[in-house]
Amino acid sequence: MKSRSAAAPDASPVRRSPPRREPPLRKSGADEPAERRKRATHRRAAEIIEAAAKVFAERGYHGATTQDIADVLKIRQASLYYYFPSKEVALELVCMRGVEGFFETEKAIADGPGTATERLSGLIRAHISPLLDRGNFMKVFLTQRQFLPAHSRRKVRKVSREIEANFETVLKQGQRSGEFRDDLDTRLVTLSILSVVNGCAAWYPRERVSLERIGGEFISLILRGIDAPRTGAEKWARRSFSRRRNQTI
């Protein structure tokens, strides 16, 4: 008879208890207020730049003070310096916000589908559409950017050049496709178009007219001046005008 100590071992598997799952880590009470403070700071910064845009648009850069900006927000003047160190920096922030996204939006239109006429119309509408929600920023960019320090002016000028290039590219494509007059100086036409559409930033807020209508009027006016003539009489008139113009230059 075998002893118990020599008995065959139990072949059943050993049951192990499942590993204990640790509860997910939660942010400490100190972290949550920090996140809230960060969000509040971002909101406050946006409000301060909005106030700066309003003051610069109404009074001009040299006519405005940081105290004027603080008064709009009903805060102490010293509180502003947490968000920008000087009035010059505030102007740069406002100007860059004024053209934020312009180049990317207009580049997508210029490179997109459609005829040159359709794309030029799209560029004109896109150029004035920010007047709906950031008219003060646009006005400051257009009328006060010359007061920026040299390094900031170069940065802003680069954006302006890129916007101009979008318009000129479409104009040249329209010439090649026969949609626009082949005697156009595309550089001068680009600057003329931008002068017209930028000009409405000065008077749009006081006129009771929609941007949709303004855009339509601009497009009609501009296309009449650059469309290729469709009839023999029109072509003759264009050539005659071109000859007279060249004789007076």
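Being a predicted model, the structure only gives us computed values, none of them experimental. (Residues numbered from 1 in each chain as written. Predicted model: local features only at pLDDT ≥ 70, side-chain atom pairs only at ≥ 80, totals over all residues. Heavy atoms only, no water.)

Observations regarding the nonpolar core
Worth spelling out the cut-off: As used here, the term nonpolar core means buried Ala, Val, Leu, Ile, Met, Phe, Trp, Tyr and Cys residues forming a set that is joined through side-chain atoms within 4.5 Å. For every residue, the accessible area (1.4 Å probe, protein chains only) is compared with the maximum for its type, and the residue is labelled buried under 20%, exposed over 50%, or partly exposed between those bounds. Under the scheme used here, helices are H or I runs from DSSP no shorter than 4 residues and strands are E runs no shorter than 2 residues, and both carry numbers assigned from the N terminus. By the convention used here, residues are in contact when the closest approach between their heavy atoms is within 4.5 Å.
One finds Phe56, Leu120, Ile124 and Ile226 to be the most contacted residues of the largest nonpolar core, which totals 56 residues. Broken down by element, the residue count for this core peaks at eight residues, all from helix α1 (residues 31-59). Those residues in contact with isoleucine 226, other than ones at most four positions away along the chain, are Leu120, Leu171, Glu179, Phe180, Arg181, Leu184 and Val189.

Quick word on helix α4 (residues 102-110)
The cut-off we apply is this: The directions considered for the arc are those from the helix axis to the C-beta atoms.
Every buried residue of α4 is listed here: Phe102, Glu106 and Ala110. Projected down its long axis, α4 carries its buried residues within an arc of 50°, all on one side. Across from the buried face of α4, at angles greater than 90 degrees, the exposed residues are Glu104 and Ala108. For α4, the elements touching its buried residues are α3 (87-98), α5 (116-128), α6 (131-144) and α7 (150-177).

Topic: the packing of α5 against helix α8 (residues 186-203)
Quick note on the threshold: Axis definition: a line fit to C-alpha positions, over the contact stretch in the case of helices; interaxial angles, taken between N-to-C directions, run 0 to 180 degrees. A clockwise turn of the near helix away from the far one marks a right-handed crossing, whereas an anticlockwise turn of less than a right angle marks a left-handed crossing. Lys, Arg, Asp and Glu make up the charged group, whereas Ala, Val, Leu, Ile, Met, Phe, Trp, Tyr, Cys and Pro make up the nonpolar group; the residues left over, Gly among them, are polar.
Direction vectors running N to C along α5 and α8 enclose 35°, while the axes themselves pass 9 Å from each other. Here the hand of the crossing between α5 and α8 comes out right-handed. Counting all contacts with α5, which are made through Leu120, Ile124, His127 and Ile128, the residues of α8 involved are Ile193, Leu194, Val197, Asn198 and Cys200. Grouping the constituent residues of the contact of α5 with α8 by class yields seven nonpolar, two polar and no charged.

Digging into the pattern of salt bridges
As a reminder, the rule being used: When a carboxyl oxygen of Asp or Glu is within 4 Å of a side-chain nitrogen of Lys or Arg, the pair counts as a salt bridge.
The final tally for this structure, using the stated rule, is 12 salt bridges. Between aspartate 183 and arginine 181 there is a salt bridge; the shortest N-O distance is 3.0 Å.

Quick word on the layout of surface pockets
Note the cut-off: Cavities and pockets were defined on a 1 Å grid built over protein atoms only: a cavity is a set of grid points that admits a 1.4 Å probe from which the probe cannot escape, a pocket is an open set flanked by protein on both sides within 12 Å along at least five of seven lines, and lining residues are those with an atom within 4 Å of any such point. Grid points are joined across faces, edges and corners, and a volume is the space filled by probe spheres set on the points.
A volume near 260 Å³ is recorded for the largest pocket. When contributions to the lining of the largest pocket are tallied by element, the ones reaching two or more residues are α6, α7 and α8. Looking at side-chain class alone, the lining of the largest pocket contains eight nonpolar, five polar and three charged residues. Taken as a whole, the second largest pocket encloses approximately 210 Å³ of empty space. The wall of the second largest pocket is formed by 14 residues, among which Leu184, Val189, Ser192, Gly225 and Ile226 lie closest to the centre. Sorting the residues of the lining of the second largest pocket by element identifies α8 and α9 (211-226) as the ones contributing at least two each. The element that contributes the greatest number of residues to the lining of the second largest pocket is α8, accounting for five residues.

Focus on α8
For clarity, the cut-off: Any helix carries an expected span of 1.5 Å times its number of residues minus one. Within 3.5 Å is the distance limit for a polar contact, defined as a pair of N or O atoms, with the added protein rule that one can donate a hydrogen and the other accept it, and that residues adjacent in sequence qualify only through two side-chain atoms.
The end-to-end C-alpha distance of α8 is 27 Å, a good match for the 26 Å that 18 residues give at a rise of 1.5 Å each. Listed in full, the buried residues belonging to α8 are Thr186, Val189, Thr190, Ile193, Leu194, Val197, Cys200 and Ala201. Summarising the axial view, the buried residues of α8 lie within an arc of 140°, below the 170-degree limit, and thus occupy one face. Seen from the buried face of α8, the exposed residues on the opposite side, beyond 90 degrees, are Leu188 and Ser195. Lining the buried residues of α8 we find α5, α6, α7 and α9. Between the side-chain oxygen of the N-cap and the backbone nitrogen of arginine 187 there are 3.1 Å, and the N-cap of α8 in question is aspartate 185.

Looking at the environment of alanine 228
Take alanine 228: it is sitting in the loop between α9 and α10 (232-248). By relative accessible area, which is 13% here, alanine 228 ends up buried. Sequence spacing of alanine 228 and glutamate 179 is 49 residues, and the spatial spacing of their C-alpha atoms is 5.5 Å. Contacts of alanine 228, omitting those with residues within four sequence positions, involve Gly178, Glu179, Phe180 and Arg181.

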